[in-house]
Amino acid sequence: MAPTENDPIFDAIAAVPLAATGFDATETFTIVARSPEEALRGVESVVCVPTFKRPDMLEATLRSLAAQQGGRDFAVIVVENEGIERAGATRAKALLEAGLFKGLVIVEPRQGNCKAYNAAWRCALTRFPALEQLLGIDDDEQAEPGWLDAFLRAAETAPAELFGGSVTPAFEDTSRAWLKAHPVFRSHYSVTGPIPILYSSANYLIRRRVLERLGFPFLDESFDFTGGGDSDFFSRAKAAGFHFWWVQEAAQTETMPARRSESDWIAARAFRNGALSAQIARRQQPGLAGRLTVLMKSLALLAASPFRGLALALRTHSVLIGLYHAQVALGRLMSEFGVANEQYRKPEKN
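Note that this is a predicted model, so its numbers are computed, not measured. (Residues numbered from 1 in each chain as written. Predicted model: local features only at pLDDT ≥ 70, side-chain atom pairs only at ≥ 80, totals over all residues. Heavy atoms only, no water.)

## Some points on the overall build of the chain
Inference 1: Helices and strands together make up the secondary structure of the chain, namely 12 helices and 10 strands.
Inference 2: Its C-alpha atoms give the chain a radius of gyration of 20 Å, near enough to 20 Å, the size a compact globule of 350 residues would have.
Inference 3: Within the chain, buried positions represent 53% of all 350 residues.
Inference 4: Within the chain, contacts between residues at least 6 apart in sequence are counted, and of these 83% link residues at least 24 apart.
Inference 5: Accessible surface, the chain as shown: approximately 15,300 Å² in total, 57% of it carbon and sulfur.
Inference 6: The averaged location of the 40 negative side-chain charges in the chain is 7 Å from the averaged location of its 38 positive side-chain charges. (Helix = DSSP H or I, 4+ residues; strand = E, 2+ residues; numbered from the N terminus. Rg over C-alpha atoms; globule rule 2.2 N^0.38 Å. Buried < 20%, exposed > 50% of the residue type's maximum accessible area, 1.4 Å probe, protein only. Contact = heavy atoms within 4.5 Å. Areas by Shrake-Rupley, 256 points an atom, 1.4 Å probe, with all protein chains shown as cover. Lys, Arg positive; Asp, Glu negative; His and termini not counted. Charge placed at Lys NZ, Arg CZ, Asp CG, Glu CD.)

What follows is the structure, given as structure tokens:
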């Protein structure tokens, strides 16, 4: 049986790494299950899995990790972000104790997407002394069998510190599968090689030195319920001089519940994407001049949106998809007045 945070082995493992990091010793998360120290000491690759009220989907995610091919050694950190019922932590603990995976199961009771990531990444840095890279997958995604091997092969040779991989939507309402052509669901890139930046933490590999350079908290928790903390993090990483690489073969599939194929959800996500892009741009260009530059770009995007939208609609044979560019531009303008769509405020409805 895996030890818990009350076991002597927990104290032995936690004490040394914490002393070597420079983190404040106070942590907001608790460890509810973990593998023995000897199983984790030499692990260089850790996969972080945030979860919230989706134990069945979480189990599917963990089983996809257990089915990885290539013989690579890795561990998993499951971070439960629901602090009362803890259904995900309970399921993950049982699977860890049954030997499906090795690693830790932790609980970050403070709800928020960025809080969950910060807890998982901090846990990895402080409990895995041999850590070289962090990888990530969400609890509504499943990794293809070659996912981990593709990422690690790329990380061994590519001149980059941050890597992204493809995510293919799998719609529960199969009649809406045509929506995979929508920019809301489509990966930003499709060819392996250098890229200017990443926009999403849905499927990633990050070298340890990036986190050490940018510092804790890694993700700005003001983005907890709007999303965008990952985009902001990647923007700061780029500004710090780090490089990005796309690995098309590091593939995942993402389950899209029927709710996400409804037009109002898609529109809300497009408005949100626009608002976040403007918000992050204003952070990068502070002051009145920067704000005016961002506003002018938003107005230019709005002016161009009918033409871009028509081209997109013709290419995808969908008026709904064609509305995307106008929705993004309007979302950018809405953010000028402090309007934010907190789609993650109730994750179970997202």
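## What about a nonpolar patch on the surface?
Inference 1: A cluster of nonpolar residues, Leu-330, Met-334, Phe-337 and Val-339, forms a patch on the protein surface that exposes about 390 Å² of accessible area.
Inference 2: For Phe-337, the location among the structural elements is in the segment after helix H12 (324–335). (Patch = residues over 30% accessible without salt bridge, like charges linked within 9 Å, V, L, I, M, F, W, Y side chains within 5 Å. Salt bridge = Lys/Arg side-chain N within 4 Å of Asp/Glu carboxyl O.)

## A short note on the pattern of salt bridges
Inference 1: All chains considered together, the criterion is met by 27 salt bridges.
Inference 2: Here Glu-156 and Arg-72 are joined by a salt bridge, their closest N and O atoms 2.6 Å apart. With Glu-156 in helix H6 (residues 147–157) and Arg-72 in the loop between helix H3 (55–66) and strand E3 (75–80), this residue pair connects regions lying 84 residues apart in the sequence.
Inference 3: Between Arg-110 and Glu-221 there is a salt bridge, with its nearest N and O atoms 3.6 Å apart.

## Things to note about the nonpolar core
Inference 1: By size, the foremost hydrophobic cluster in this structure holds 44 residues, and its most contacted members are Trp-121, Leu-162 and Phe-233.
Inference 2: For this core, the leading source of residues is helix H5 (residues 113–127), giving 9 residues.
Inference 3: If we ignore the near neighbours within four places in the chain, the residues touching Trp-121 are Cys-48, Leu-134, Tyr-204, Ile-206, Leu-211, Phe-218, Leu-219 and Phe-233.
Inference 4: Val-49, Ala-89, Ala-155 and Ala-160 belong to the second largest nonpolar core, which has 34 residues in total. (Core = buried A, V, L, I, M, F, W, Y, C linked by side-chain atoms within 4.5 Å.)

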